[in-house]
Amino acid sequence: MTSAAAPSAVPFRSLATRITLWYAVVIALTFGAFIVVATGGVERYAEGVATSEMATSAATFDKVLELQAGQMRTSADVLAADFGFREAFAISDQPTIASALESLRTRAGAPVAIMVPLQGDFVSAGTPLAPAEQDTVWNALDSGADRGVLQIGGRFYNAVAAPIMIPDLVGWLVLARPLDAAAMRDMAGLAPAGMTASIRTGGTLPGGITLSMASGDQPVEAAIKGERTLYWSKPLTALDTVLQPRLVLRYSLSAALQQYAPIEYLLMALSGFGLLISSAIGAFVSRGITRPIATLERAARAISDGSREKVSIASRDEVGRLAESFNSMVDSIKEREERITHIALHDELTGLPNRKLFAEQLEFAFARRSRDERIAVIYFDLDNFKAVNDTLGHPVGDELLRAVADRLRDTISGALISRQGGDEFAILIDQIDPATNLVLIADRISAVFQSAFQLSEHRLETSTSIGIAVAPTDGNCPDDLIKNADLALYRAKNEGRNCSCFFEQAMDLEARKRHQMEIDMREAVRDGQFFLNYQPLFSLEKNRVVGFEALIRWQHPLRGLVSPAEFIPLAEDTGMIVPISEWVMNEACQSARNWPGDVRIAVNLSPLLFKNAGLPLMVMQALNAAGVAPNRLELEVTESLFIDNVERTTAMLNALRECGVRIALDDFGTGYSSLNYLRSFPFDKIKIDKSFVDDLASDASARAIIGAITALASALGMETIAEGVEDNDQLEALLLQGCSTIQGYFFSRPVGIEGVDAMIANMRYVGHRCSDYDGATSSRKIA
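Residues numbered from 1 in each chain as written. Predicted model: local features only at pLDDT ≥ 70, side-chain atom pairs only at ≥ 80, totals over all residues. Heavy atoms only, no water.

### Considerations on the sheet that holds strand E2 (residues 123–126)
One open sheet holds the five strands; their spatial order is E2-E1-E5-E4-E3, and the pairing between them is antiparallel. Of all strands in the sheet, those bounded by a partner on one side alone are E2 and strand E3 (147–152). Put simply, the sheet's adjacent strands are angled 25 degrees from each other on average, direction ignored. Two strands pair when backbone bridges link them, and E3 and strand E4 (residues 155–165) are joined in this way by six bridges, in the antiparallel orientation. Opposite Val-149, over in E4, you have Asn-158 as the bridge partner. Docked against the sheet, helix H2 (residues 83–90) engages strand E1 (112–117), E4 and strand E5 (169–178), running at close to 90 degrees with respect to E4. Strands E1, E3, E4 and E5 of the sheet are contacted by helix H4 (residues 131–142), whose axis makes an angle of about 120 degrees with E5. (Pairing = 2+ DSSP bridges. Helix = DSSP H or I, 4+ residues; strand = E, 2+ residues; numbered from the N terminus. Axes fitted to C-alpha atoms, helices over the stretch in contact; angles between N-to-C directions. Contact = heavy atoms within 4.5 Å.)

See the structure below:
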């Protein structure tokens with residue numbers, strides 16, 4: 001099979017090498033442990049043999065000393081029993097005694113022969129005893145000792161004593177043989193090679209060993225010039241009351257171990273040979289294991305390089321099954337890649353190419369476009385598709401999108417059809433001849449929506465808005481062409497939907513202007529360019545101002561005063577309406593804090609604010625910060641608020657009402673279900689739209705509608721206020737229809753906060769009839 005090149009060799013990176021090395025390490029450790037244990041066993045055995053031999057030698061030395069003592073005792077007993085010797089002793093015949101002692105010393109082979117009387121002086125043959133030595137010997141003999149080690153002139157002797165009886169004890173004959181180096185060597189000759197013996201009464205042995213340390217049950221080891229040596233001492237019987245002699249045995253353990261060295265060498269040789277054999281076996285086994293793994297590794301590298309070839313299966317064992325699993329994995333990867341590629345480039349709902357694939361194909365179209373060819377990008381969406389989702393549910397909306405996609409595939413040929421997202425589609429047509437009429441293409445798309453779509457449980461009719469951009473006139477790159485087609489679609493929707501628009505340069509200028517205004521609006525929030533005007537709300541019943549409606553204004557540093565009708569829709573589209581509304585709420589409440597307690601402040605709320613669950617908290621925070629009672633705040637909402645989600649909207653309004661805030665329904669009468677809204681929520685006030693007030697003088701139906709509204713509001717316990725009152729005739733008509741409050745230029749234009757303070761300072765007007773007003777905006781009389 002074809003596979004990628006193997007990576008360059010790196011020490012110990014190969015699995016076979018690592019297995020062989022680890023196998024060799026394990027075997028080496030095993031043999032090493034075996035050698036250590038075996039060597040330790042040999043040493044312990046040698047130490048045990050040495051201990052046993054030292055104990056045996058000590059017993060042998062005791063026996064030798066005892067045999068010597070026995071021989072000397074026999075000779076001494078013979079002389080002590082001799083009649084002539086006893087007679088010479090009785091008459092103190094010194095020459096005879098000396099001669100007998102010399103004869104005894106010679107006959108017994110003892111260098112020292114001594115006669116020790118109970119009374120009198122010692123008589124010695126050979127080495128004489130010093131006075132102190134005589135005292136210690138006499139005391140020992142007197143205490144009953146008859147054999148033991150005796151020290152004469154600094155030298156050690158093996159001595160025995162035989163009593164002299166005439167017939168009672170009158171003294172002792174003492175014989176002593178030297179225990180010098182020659183005698184100890186002779187005795188050591190009876191012990192194993194390497195063992196020496198000596199007699200000591202104290203001091204420190206070589207290697208720092210003391211006699212007390214070497215007097216235990218086991219020998220003591222010391223290192224002397226790098227040689228391991230064993231010491232063991234044993235007390236000897238002394239013919240002396242002061243002397244405490246000890247037999248000290250010294251044994252060279254190193255010499256004893258040397259005889260076992262061939263065994264250790266043999267063990268090491270066998271272990272080394274076994275390690276070589278085991279390493280060779282490990283290398284053979286590791287190659288057998290890793291060879292197929294290496295094949296799989298090369299195949300895996302090939303997969304990472306894009307190859308999808310399989311490996312051959314040479315066996316049915318674990319490695320063979322691994323190769324089989326690898327081949328199954330290759331099949332799965334192929335299938336998964338194809339599916340991932342399709343999902344990445346196609347819309348899951350409709351199966352059409354998605355935005356990414358559309359952009360790629362548009363790039364290719366630009367790359368292969370000839371000089372005279374044109375490329376058309378057509379953006380279109382379904383008109384009022386949101387209503388389908390809201391009323392029939394998203395499953396029905398999804399089914400409608402699939403039906404549209406199927407009909408587009410069947411109708412539009414030779415073009416790339418893409419779903420861009422939501423209900424928005426796009427079509428790419430390239431290699432268009434300059435003479436082709438692109439309007440016909442737009443008509444073909446519109447024709448797709450001319451007949452209703454039959455779904456599983458519904459039959460739906462819909463239309464489309466189309467935006468078209470054509471390269472190279474409308475853009476020389478994919479991004480520009482897509483952007484301009486989207487701008488054309490935006491224009492088609494603004495012109496009433498169910499139509500098509502080609503891109504014009506003015507659309508781009510308008511979009512740039514809109515984008516710049518969005519930037520300026522964010523700066524206006526940050527730099528404090530907004531301010532409030534206040535339009536008074538005049539009560540016809542109380543004949544005075546009862547409140548003010550806060551109206552936002554924008555003083556642009558370059559453009560001057562910007563109309564709310566221009567920037568409020570943009571603020572709602574971009575989400576800037578939220579921080580702007582929060583600012584308005586706080587500013588209005590701060591202004592109202594200094595007004596009389598019965599003067600209210602009215603603030604308009606965008607429907608977008610009701611999508612934020614934190615709206616009641618924002619309102620209460622503004623009231624608390626200003627110290628204004630909640631019932632002095634009047635929030636004005638429009639009927640469009642109820643279109644998206646009636647239940648959520650009603651719940652939010654109830655939450656605001658529970659806080660004590662008043663709710664007013666603005667622009668009443670302009671929607672589709674005004675009466676149903678009044679039944680769904682108990683508003684505090686209804687604001688009659690200006691369109692009805694404008695027609696009061698000329699249209700009897702307008703007067704009838706206003707009368708019906710005021711009567712309905714009165715029956716429901718709601719206040720009414722008429723907007724846009726501009727002349728006396730309108731005022732008279734509203735009075736006749738029972739309207740309780742008015743708002744408009746007839747009374748006052750919106751004013752700054754300083755104008756509000758003046759109005760509040762002069763709260764009442766002269767008179768209370770309609771005739772008190774002259775109808776001129778600027779000539780009303782203020783008391």
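### What to know about the environment of Phe-747
The topology assignment puts Phe-747 in the loop between strand E27 (741–742) and helix H24 (753–761). A residue is classified by how much of its surface remains accessible, and Phe-747, at 6% relative accessible area, is buried. Residues Phe-747 and Glu-726 lie 21 residues apart in sequence; the distance between their C-alpha atoms is 7.7 Å. (Buried < 20%, exposed > 50% of the residue type's maximum accessible area, 1.4 Å probe, protein only.)

### Comments concerning the packing of aromatic side chains
Between two aromatic rings, the relevant description is the distance of the centres plus the angle of the planes. Summed over the entire model, instances satisfying the criterion amount to ten aromatic pairs. Ring geometry for Phe-530 versus Trp-583: centroids 6.4 Å apart, planes at 45 degrees, classification tilted. Separated by 53 residues along the polypeptide, Phe-530 in strand E19 (residues 530–539) and Trp-583 in helix H16 (residues 577–592) bring together distant segments of the chain. Trp-583 gets classed as partly exposed once you look at its relative accessible area, which sits at 29%. Feature note: the residues Phe-380, Phe-425, Phe-449 and Phe-453 constitute an aromatic cluster, connected by ring pairs. (Phe/Tyr/Trp six-rings, centres within 6.5 Å; stacked < 30°, edge-to-face > 60°.)

### Here we look at the packing of H16 against helix H17 (residues 615–626)
At a closest axis distance of 8 Å, the pairing of H16 and H17 adopts a crossing angle of 30 degrees. By the angle between their directions, the pair H16 and H17 is classed as roughly parallel. Crossing of H16 over H17 shows right-handed handedness. Together, Glu-582, Met-585, Asn-586, Cys-589 and Gln-590 of H16 and Met-618, Val-619, Ala-622, Leu-623, Ala-625 and Ala-626 of H17 make up the contact between the two elements. In terms of residue class, the contact of H16 with H17 is built from eight nonpolar, two polar and one charged. (Parallel < 35°, antiparallel > 145°, perpendicular 65-115°, else oblique. Left-handed = near helix turned anticlockwise from the far one by under 90°. Nonpolar A, V, L, I, M, F, W, Y, C, P; charged D, E, K, R; others polar.)

### Section: the pairing of E19
Of all ten residues in E19, nine are buried; the element is thus mostly enclosed. Pairing of E19 with strand E20 (residues 544–556) involves ten bridges; the strand directions are antiparallel. Looking at E20, one finds that Pro-536 is bridged to Phe-548. The loop that links E19 with its antiparallel partner E20 comprises four residues; one of these, Asn-543, has a positive phi angle of about 60 degrees. Across two bridges, E19 lies against E27 in antiparallel orientation.

### A short note on the pairing of strand E13 (residues 416–421)
Most of E13 sits out of view: five of its six residues are buried. Strand direction decides the pairing type here: E13 and strand E14 (residues 424–432), joined by five bridges, are antiparallel. Across the sheet, residue Gly-421 finds its bridge partner in E14, namely Glu-424. Here E13 hands over to E14 after two residues, with Gly-422 in that stretch at a positive phi of 60 degrees.

### Digging into the packing of helix H10 (residues 385–392) against helix H11 (residues 394–411)
Their axes nearest at 6 Å, the elements H10 and H11 cross at an angle of 140 degrees. Classified by the angle their axes make, H10 and H11 are oblique. Facing H10, whose interface residues are Phe-385, Val-388, Asn-389 and Leu-392, H11 presents His-394, Val-396, Gly-397, Leu-400 and Leu-401. Residues of the contact of H10 with H11, tallied by class, amount to six nonpolar, three polar and no charged.

### Some remarks on a nonpolar patch on the surface
Together, Tyr-23, Phe-273, Ile-277, Ile-281, Phe-284 and Val-285 give the surface a local cluster of nonpolar side chains, amounting to about 610 Å² of exposed area. A total of five residues in the nonpolar patch trace back to one element, the largest contributor, which is helix H7 (residues 261–304). By the secondary structure assignment, Ile-281 is in helix H7. (Patch = residues over 30% accessible without salt bridge, like charges linked within 9 Å, V, L, I, M, F, W, Y side chains within 5 Å. Areas by Shrake-Rupley, 256 points an atom, 1.4 Å probe, with all protein chains shown as cover. Salt bridge = Lys/Arg side-chain N within 4 Å of Asp/Glu carboxyl O.)

### Observations regarding the sheet that holds strand E11 (residues 246–252)
Taken in spatial order, the four strands line up as E6-E11-E10-E9 in an open sheet, and their pairing is antiparallel. Only two strands of the sheet have a single partner each, and these edge strands are strand E6 (195–200) and strand E9 (220–224). On average, each strand axis in the sheet is inclined to that of its neighbour by 30 degrees, with strand direction left out of account. In this sheet, E11 lies alongside strand E10 (residues 227–235) in antiparallel orientation, the contact comprising seven bridges. Directly across from Tyr-231, in E11, lies its bridge partner Arg-250. Of the strands in this sheet, E6 and E11 are in contact with helix H5 (residues 181–188), which crosses E6 at around 140 degrees.

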